[in-house]
Amino acid sequence: LRFIADHPHLGLEALQQLDNEGNTSAIVAAQCGNVNALEYLCSVAGPELLRKTRPNGLGIAHMAAAKGSVEVLRFIADHPHLGLEALQQLDNEGNTSAIVAAQCGNVNALEYLCSVAGPELLRKTRPNGLGIAHMAAAKGSVEVLRFIADH
């Protein structure tokens, strides 16, 4: 990333480039659970890059939740320009990071999201009424269903 940022023919433009699905380099870093890359991208491109979403509204918190990366979720929660607002962001279908975590069977992400954003985030549903229990049941994730039952 440093090479790209410092290269005279690449620079910030290359770091901010979208792929064919609308992914930024920050979204890819979050998908991979790479906090160091997110920190660097923020330092050279600003928090705006970290706030950008795919055309479908999925952002770095959704990607971290899908990956089950508590480290990235913690980075987002602690970041002064992201915080709880980024964790509570909805995609175009109304999915929260908690819904995505449940859909992917990531109990650790749900535990962290509950601890930092409260159970209200876990109770939010899509406009069609689907919530974390529906997603966990569809996935067949007994661990997530057990987490829900215990909370």
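Structure shown above.
Residues numbered from 1 in each chain as written. Predicted model: local features only at pLDDT ≥ 70, side-chain atom pairs only at ≥ 80, totals over all residues. Heavy atoms only, no water.

Colleague: Please explain the layout of surface pockets as it appears in this structure.
Modeller: In this approach the atoms are scanned with a rolling probe the size of a water molecule, which exposes any empty space left behind. In this structure, the largest pocket spans a volume of roughly 150 Å³. As for the largest pocket, its lining consists of Cys114, Pro119, Leu122, Arg123, Ile132, Phe147, Ile148 and His151. Counting residues per element, the ones that place at least two in the lining of the largest pocket are α11 (119-123) and α13 (142-150). For the lining of the largest pocket, the element with the most residues is α11, which contributes 3 residues. Residue composition of the lining of the largest pocket, grouped by class: 6 nonpolar, 1 polar and 1 charged. (1 Å grid on protein atoms, 1.4 Å probe; cavity = no way out; pocket = protein on both sides within 12 Å on 5 of 7 lines; lining within 4 Å. Points joined across faces, edges and corners; volume = space filled by probe spheres on them. Helix = DSSP H or I, 4+ residues; strand = E, 2+ residues; numbered from the N terminus. Nonpolar A, V, L, I, M, F, W, Y, C, P; charged D, E, K, R; others polar.)

Colleague: What is the right way to look at helix α7 (residues 70-78) in this model?
Modeller: Along an α-helix, residues three or four apart share an orientation, since each turn contains 3.6 residues. Taken as a whole, α7 has its buried residues at Val70, Val72, Leu73, Phe75, Ile76 and Ala77. In the core, the buried residues of α7 are packed alongside α3 (25-31), α4 (35-45), α5 (47-51), α6 (60-67), α8 (83-87) and α10 (107-117). (Buried < 20%, exposed > 50% of the residue type's maximum accessible area, 1.4 Å probe, protein only. Contact = heavy atoms within 4.5 Å.)

Colleague: So what exactly am I meant to see when it comes to the nonpolar core here?
Modeller: Within soluble globular proteins, side chains that are nonpolar tend to cluster in buried spots. With 46 residues, the main nonpolar core has Leu38, Leu50, Ile60, Ile76, Leu110 and Leu122 as its most contacted residues. Per-element tally for this core: the top contributor is α10, with 7 residues. (Core = buried A, V, L, I, M, F, W, Y, C linked by side-chain atoms within 4.5 Å.)

Colleague: Please clarify how the environment of proline 47 should be interpreted in this entry.
Modeller: Among the secondary structure elements, proline 47 is positioned in helix α5. It is 7.6 Å that separates the C-alpha atoms of proline 47 and leucine 82, two residues lying 35 residues apart in sequence. Residues contacting proline 47, with those up to four places away along its chain left out, are Cys42, His79 and His81.

Colleague: Explain the packing of helix α12 (residues 132-139) against α13 here, please?
Modeller: In a pair of packed helices, the angle between the axes and the distance between the axes together describe the arrangement. Close contact between α12 and α13 brings their axes to 8 Å; oriented N to C, the two are set at 150 degrees. One way to sum up the angle between α12 and α13 is to call them roughly antiparallel. In this structure, α12 meets α13 at a crossing whose hand is left-handed. Residues Ile132, Ala133, Ala136 and Ala137 of α12 pack against Val144, Leu145 and Ile148 of α13. Its residues assigned to classes, the contact of α12 with α13 comprises 7 nonpolar, no polar and no charged. (Axes fitted to C-alpha atoms, helices over the stretch in contact; angles between N-to-C directions. Parallel < 35°, antiparallel > 145°, perpendicular 65-115°, else oblique. Left-handed = near helix turned anticlockwise from the far one by under 90°.)

Colleague: How should the pattern of salt bridges be read in this particular structure?
Modeller: According to the stated counting rule, one finds 2 salt bridges in the structure shown. Where glutamate 93 meets arginine 126, a salt bridge forms, and the shortest distance between an N and an O atom there is 2.8 Å. Residue glutamate 93 is located in the loop between α8 and α9 (97-103), and its partner arginine 126 is located in the loop between α11 and α12; the two are separated by 33 residues in the primary sequence. (Salt bridge = Lys/Arg side-chain N within 4 Å of Asp/Glu carboxyl O.)

Colleague: Looking at this structure, I do not really get the environment of alanine 64. What am I missing?
Modeller: Along the chain, alanine 64 falls in helix α6. For the pair alanine 64 and glutamate 85, spaced 21 residues apart in sequence, the C-alpha to C-alpha distance is 15 Å. Once you skip the residues sitting within four places of it in the chain, alanine 64 turns out to touch Ala30, Ser69, Val72 and Leu73.

Colleague: Looking at this structure, how should I read the packing of α4 against α7?
Modeller: Contact pair α4 / α7: the axes reach a minimum separation of 9 Å and the direction vectors enclose 30 degrees. Judged by the angle between their axes, α4 and α7 are roughly parallel. The segment α4 lies against α7, with Val35, Leu38 and Glu39 engaging Glu71, Val72 and Phe75.

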